[in-house]
Amino acid sequence: MSVELPFAPVDAVIRRNADGLRVSADAAEELARRIQDHGASLAVTAATEATTDGRKTLMPSDFGIEQVPEKDGLELPVAPVDRIARLDINDDYRVAMDARVALASLLETYADETAAAAATLARHADRRTIKAADVETYFELEQYY
């Protein structure tokens with residue numbers, strides 16, 4: 001499966017949580033893949049909510065967001081997030097612009113939490129570089145965080 005999200009903004013999210021640690025390219029790639037999977041899953045749930053309300057357009061409330069943040073304040077770009085939202089839902093659905101921004105905000109929060117945990121794991125392993133293995137380990141241990 002190809003990853004829709006560019007790695008550079010994901011790398012920036014990891015770096016802002018790295019507190020001086022280096023970040024491997026593999027870590028950014030792994031986190032981008034995880035973000036994509038999570039975003040597609042959230043969109044499927046949102047599509048179910050929209051269908052329940054008799055709509056074919058996904059709205060921010062379908063993602064559980066009432067107050068949509070400013071698009072300019074996000075690191076993750078909205079266009080790839082829109083493509084992620086459409087990965088596992090029927091082509092009949094539309095995604096409102098503010099729903100795209102809401103999803104990008106949710107995914108950025110998800111990325112921040114994961115990156116902070118991966119940085120903790122790298123420090124615990126006495127390394128100065130966050131690796132893909134740290135991201136993977138976080139998801140294995142996520143229930144304990």
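Structural data are supplied above this passage.
In this report, we go over the structure that sits alongside the text. All of these numbers come straight from a predicted model, not from anything done at the bench.

Turning our attention to the overall build of the chain. Looking only at helices and strands, the chain features five helices and four strands. The globule rule puts the C-alpha radius of gyration for 145 residues at 15 Å, and the 16 Å found for the chain is close to it. By its C-alpha atoms, the chain is 55 × 30 × 25 Å across when sized along the principal axes. Burial status across the chain gives 45% buried among its 145 residues.

Evaluated as defined, the whole model comprises 14 salt bridges. A salt bridge links glutamate 75 to arginine 16; the nearest nitrogen and oxygen atoms lie 4.0 Å apart. Taken as a pair, glutamate 75 in the loop between β2 (57-58) and α3 (78-85) and arginine 16 in helix α1 (residues 7-18) lie far apart in primary sequence, 59 residues in all. Since its relative accessible area comes to 42%, arginine 16 is described here as partly exposed. Taking the shortest distance from any N to any O, the salt bridge between aspartate 112 and arginine 16 comes out at 2.9 Å. Here arginine 16 lies in helix α1 and aspartate 112 lies in helix α4 (residues 97-124), a separation of 96 residues in the sequence. The network of salt bridges with shared partners includes Arg16, Glu75, Glu108 and Asp112.

Overall, the coordinates contain two aromatic pairs when judged by the stated rule. Arranged with centres 6.0 Å apart and planes meeting at 40°, the rings of tyrosine 110 and phenylalanine 139 form a pair that is tilted. Within this pair, whereas tyrosine 110 is found in helix α4, its partner phenylalanine 139 is found in helix α5 (residues 132-141), the two being separated by 29 residues in sequence. Neither tyrosine 110 nor phenylalanine 139 differs from the other in exposure class; each is buried. Judged by centre distance (5.0 Å) and plane angle (70°), the ring pair of tyrosine 138 and phenylalanine 139 falls under edge-to-face.

This paragraph deals with the environment of leucine 87. Topologically, leucine 87 is positioned in the loop between α3 and β3 (94-95). For leucine 87, a relative accessible area of 36% gives the class partly exposed. For leucine 87 and leucine 58, which are 29 residues apart along the polypeptide, the C-alpha to C-alpha distance reads 14 Å. If sequence neighbours within four positions are ignored, leucine 87 has contacts with Glu4, Gln36 and Ala40.

A word on the environment of alanine 32. Here alanine 32 shows up in helix α2 (residues 25-52). Using a relative accessible area of 0% as the deciding quantity, one classes alanine 32 as buried. In sequence terms alanine 32 and leucine 107 are 75 residues apart; their C-alpha atoms lie 10.0 Å from each other. Apart from residues lying up to four places away in sequence, alanine 32 is in contact with Val3, Leu5, Phe7 and Val10.

The rules we used
- Residues numbered from 1 in each chain as written.
- Predicted model: local features only at pLDDT ≥ 70, side-chain atom pairs only at ≥ 80, totals over all residues.
- Heavy atoms only, no water.
- Helix = DSSP H or I, 4+ residues; strand = E, 2+ residues; numbered from the N terminus.
- Rg over C-alpha atoms; globule rule 2.2 N^0.38 Å.
- Buried < 20%, exposed > 50% of the residue type's maximum accessible area, 1.4 Å probe, protein only.
- Salt bridge = Lys/Arg side-chain N within 4 Å of Asp/Glu carboxyl O.
- Phe/Tyr/Trp six-rings, centres within 6.5 Å; stacked < 30°, edge-to-face > 60°.
- Contact = heavy atoms within 4.5 Å.

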